[in-house]
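# Fold and geometry: a report
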Amino acid sequence: MNIAVNNGDWSGSWVAERLGVELEGDDGLRALLGLALRRNPKRAHLLVSNVLGKHVPQSPAVVYGHGFALGRRVRDLLGETEAGRSVVVGYAETATGLGHSVADGIGLAPYLHSTRRPVPGMTPAGGFEESHSHATSHLLLPEDPALLSGDGPLVLVDDEFSTGNTILNTIRDLHARYPRKRYVVVALVDMRSPADAGRLDGLADEIGARVDLVAGASGTVKLPDGVLAKGQELVARYEESAAAGGVPGAGASGLVAQFPAPLAGVAVEADDQSPHPGARGTARTAPTGPRATGDRTAPTGPHVTTVDLHWPHGLPDGGRHGFTPAHRIRLETALPAMAARLAEALPLGARRVLALGFEELMYAPLRVARELEPLVAAEVRYSTTTRSPVLAVDDPGYAIRSRLVFPAHDDPADGPGERYAYNVAGAAFDAVVVFVDSAGDTPELHAPDGLLARLGAYVPHVLLAVVPSYVPALTEESPAMLPEPLRGPAFSSYPPEDVGWLLQDLSEVTLEAPTEEREEAIQSGGAHYAESLPVEYQPSERYQALFHAALETSAARIAQAVGVVTETVLAERSARPVLVSLARAGTPVGVLMRRWARFRYGAELPHYAVSIVRGRGIDANALRWLAARHDPRDVVFVDGWTGKGAITRELAEAVAEFEAREGVSGFDPEIAVLADPGSCVRTYGTREDFLIPSACLNSTVSGLISRTVLRADLVGPDDFHGAKFYRELAGADVSVAFLDAVAARFGEVVDAVDAAVKELAAADRAPTWEGWAAVERISEEYGIHDVNLVKPGVGETTRVLLRRVPWKILARAGAGADLDHVRLLAEQRGVPVEEVGELPYTCVGLIHPRFTRGATGADGRAVNL
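An account of the accompanying structure is given in this report. Here the residue numbering is sequential within each chain, running from 1 through the sequence in written order. Where totals are concerned, whole chains, interfaces and linings use all residues; where local detail is concerned, this predicted model gives features only for residues with pLDDT of at least 70, and gives and counts side-chain atom pairs only at 80 or more. Note that water and hydrogens are dropped before the side-chain values are worked out from all heavy atoms of the structure.

This part takes up the packing of helix α14 (residues 541-572) against helix α18 (residues 735-743). Here α14 crosses α18 at 60°, and the two axes come no closer than 8 Å. Here α18 runs oblique to α14, going by the angle between their axes. When the axes of α14 and α18 are compared, the crossing they make is right-handed. Of the residues in α18, those touching α14 at L551, A555, I558 and A559 are A737, F738, A741 and V742. Throughout, the ten residues Ala, Val, Leu, Ile, Met, Phe, Trp, Tyr, Cys and Pro are labelled nonpolar, Asp, Glu, Lys and Arg are labelled charged, and all others, Gly among them, are labelled polar. Split by residue class, the contact of α14 with α18 holds 8 nonpolar, no polar and no charged. Geometry is summarised by axes, namely lines fitted to C-alpha atoms with helices restricted to the contacting stretch, and by angles between N-to-C directions that run from 0 to 180 degrees. What counts as a helix is a DSSP run of H or I of at least four residues, what counts as a strand is a run of E of at least two, and both are numbered from the N terminus. Should an angle fall under 35 degrees it is taken as roughly parallel, and over 145 as roughly antiparallel, whereas 65 to 115 is taken as roughly perpendicular and any remaining angle as oblique. It is the rotation of the near helix from the far one that decides the hand of a crossing: anticlockwise by less than a right angle makes it left-handed, clockwise makes it right-handed. Any pair of residues with heavy atoms lying within 4.5 Å of one another is described as a contacting pair.

Structural data, given as structure tokens:
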């Protein structure tokens, strides 16, 4: 329907009459919106909300109620389950409080609002432009990196939906970073033109997601040709006239004489003792002169009463860095006491009280004011200061009746400048409570031309409530926001629930080098082993048959070891452990431990795979990601087996360094392993050195994932380590078959597992490090003089034969079928197998100690490659 625009009671009629602007839309739209003129070269008019609590003082119950009701509508739209998975994002600065209120209405969703206040050391998780705004750049700075990375609905909240450009920019930016299936756009009013209305549907088709819209009212603004130039000319004329003193009552000493009651459209008489009553239809800027009182005396400056709200320690002051349902509960609990303290501080006999928020700090003062409203006899109103420059005109048909101008007082990133408080001067407030966060409680706030002094010129009592600014605890170099784990089938052949890989996908990068070239570069110090990958070994039919035979004979033995190590972890480490396997040998073991917990107890344990590199340590970004989402005390690192214990020591040193640097504590670096022949750990399934079939192959038994890569040109300081997904080897993949074969034997080993766990609980399992001593002895005895070239145990020996240039294999005399695959690989590589009587391991692989292409072995013969 077409709403009349020449009604003097409507706070948009002044602009409508002069610019020819028309509104069309729902009944009640006029009650929600007024019009003003922007001091902005991009758009002439400003839609001024009567229920937002930004430019027009309004009952806090009305402001909060509108947002809360929209949130309830979103919850009904999504349903309880999806609402519980949603995240709400509001827009700075105008909709920060509205977005909070919507999140409250949903009741189940965390909240984040964009900000124009960067935090040194924090890397934005997203950003977008608001093209029509006077300050265009928005940042998203969540403290919890996971806040935006889930796949639940994203609810975007703004005060008005005019062209849709801001929403479109936001969704495109965030969808590229964190794709999801559903978005909900929420606004107090939807004022898109017919031409803009279809763009949201077009975006939904473009990104393949559903986009819903929830609005309190809808309509359109019809603008005649040339409205921008005409509006700019009108603003310039009024401001020039005010500055020159040509408009009665205007300029530095002007003051409004009337004030519109929000929604009702009726004028409220201002304090008739106020100086310089203004004339209708004149531009208004609040005076800089002294405040008049009933006896016409003028104090030199305002008396400011500071009110300590006792804001809860550590509670965020808003959603700039995220505000969770748990935060909301803390706030709800504290609100009555905070409102009571404020009520006690108000002057006796106050009839009208304004709670004045501070730019993006809208929600905290809104909630305190909402709680204050029923406690006091005074009429309570709420609004906030703003960056937005708007022309003030003293006319009941104009939405912005007065303007207080004051310098910025929070060291803004875009530099100093003017800030504004609208419709405060001349509104007959007896007291104003200024809410600022501690970042805004600066000398500029208290200066003679600051906000407090400007308010004191018109309001008899000025109170100041400072809310502690919440800034996340950051390290000196805060990392960029890390992505969610990679999962199958997009990365790895494991089912997605089996493991999340805290890695980056380097599948498109050529990293493989011939084994001989890699060995020469590694031993010469020219490269680290983690900077390249060996060419993936393709097993012969004979070797594959050995693998399947070994799996058939050892599945029950492995199942028992899986059960023992899992039960030990559950009994001694954590009732709800977070399994973190060391990629990649630990990953099949971690998956099997997870499956045992589900088989025995119905528990679904989180399981991730991370990279650790000898000489470089564990992936610190992966630890940082884990610490942000889980209690470090619940993290249990998992590996396949121990050799000499080098990785065990590497992990302990890396965790200690990480915790000291990051200020995080609780990670237990002791690894839980399937087999501990080196006696390096306390948590194991067995200490026998036996064949674990997953050691027989490379990626084809590890989800088709390569070993991990750490190279400076591919892995930045804020990146996870990398790995490749060998999709092309799917035809030879036995990863899931291996898991299924072992898990199928769980039922038959339960009794044996329980007996072994009971026996281990009473045993002395302190590491003896006898494996390390044996390796040192072998290194010297064979003239190698480098323990890194001695690889003890069946698993490590297999790796030597598959990835490195082996020199010889030491096998314990009498070792049986556990070494069949080792003997076959040695035969294929032309590597001698030497039986040794005294050997704590079943076998030991020796890497050629002085390898170059053409190197010879100790017997003078060239190594057969």
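After that view, the rundown keeps rolling.
As a further point, take the sheet that holds strand β15 (residues 352-358). Whether two strands pair comes down to DSSP finding at least two bridges between them. The strand order across the open sheet formed by 5 strands is β14-β21-β20-β15-β16, and the pairing between neighbours is parallel. In this open sheet, the two strands that pair with only one neighbour each are β14 (304-307) and β16 (379-385). Ignoring strand direction, the axes of neighbouring strands in this sheet form an average angle of 25°. Relative to strand β21 (residues 461-467), β14 is paired through 4 bridges, and the arrangement is parallel. Opposite V307, over in β21, you have A465 as the bridge partner. Helix-sheet contacts for helix α9 (residues 325-345) involve β14, β20 (431-437) and β21, and the interaxial angle to β14 is about 155°.

All right, on to the packing of helix α16 (residues 620-629) against helix α17 (residues 646-662) then. Two numbers describe how α16 lies on α17: the axes approach to 11 Å, and their chain directions differ by 60°. Between α16 and α17, the crossing angle belongs to the class labelled oblique. The crossing of α16 and α17 is right-handed. For the pair formed by α16 and α17, the contact residues are A620, L623 and R624 on the first element and V655, F658, R661 and E662 on the second. When its residues are assigned to classes, the contact of α16 with α17 shows 4 nonpolar, no polar and 3 charged.

It is worth spelling out the packing of aromatic side chains at this point. Note on aromatic contacts: the rings of Phe and Tyr and the six-membered ring of Trp form a pair at centre separations within 6.5 Å, being stacked when their planes are under 30 degrees apart, edge-to-face when over 60 apart, and tilted otherwise. Throughout the structure, instances matching the rule amount to 13 aromatic pairs. Look at Y420 and Y422: their rings are 5.8 Å apart centre to centre, the planes differ by 10°, and that puts the pair in the stacked class. Here the term buried applies to any residue with accessible area under 20% of the maximum for its type, exposed to any over 50%, and partly exposed to those in between, with areas from a 1.4 Å probe on protein chains only. A residue is classified by how much of its surface remains accessible, and Y422, at 1% relative accessible area, is buried. An angle of 10° between the planes, with centres 6.3 Å apart, marks the rings of Y494 and W501 as stacked. Just as Y494 is buried, W501 falls in that class too. The structure contains a cluster of three or more aromatic residues connected by ring pairs, namely F491, Y494, W501 and F725. Remark: a charge is flagged as sitting over a ring if the NZ atom of Lys or the CZ atom of Arg is within 6 Å of the ring centre and within 35 degrees of the ring normal. Seen from the ring of W807, K808 lies directly overhead, with NZ or CZ sitting 4.8 Å from the centre.

A pair is scored as a salt bridge if a Lys or Arg side-chain nitrogen falls within 4 Å of a carboxyl oxygen belonging to Asp or Glu. Inspection of the entire model under this criterion finds 41 salt bridges. The shortest N-O distance in the salt bridge between R192 and D190 comes to 3.0 Å. Classification of R192 as buried rests on a relative accessible area of 12%. With a relative accessible area of 10%, D190 lands in the buried category. Across the pair E359 and R387 runs a salt bridge whose closest N-O atoms are separated by 3.5 Å. Taken together, the residues E359 in the loop between β15 and α10 (363-372) and R387 in the loop between β16 and β17 (393-394) connect sequence positions 28 residues apart.

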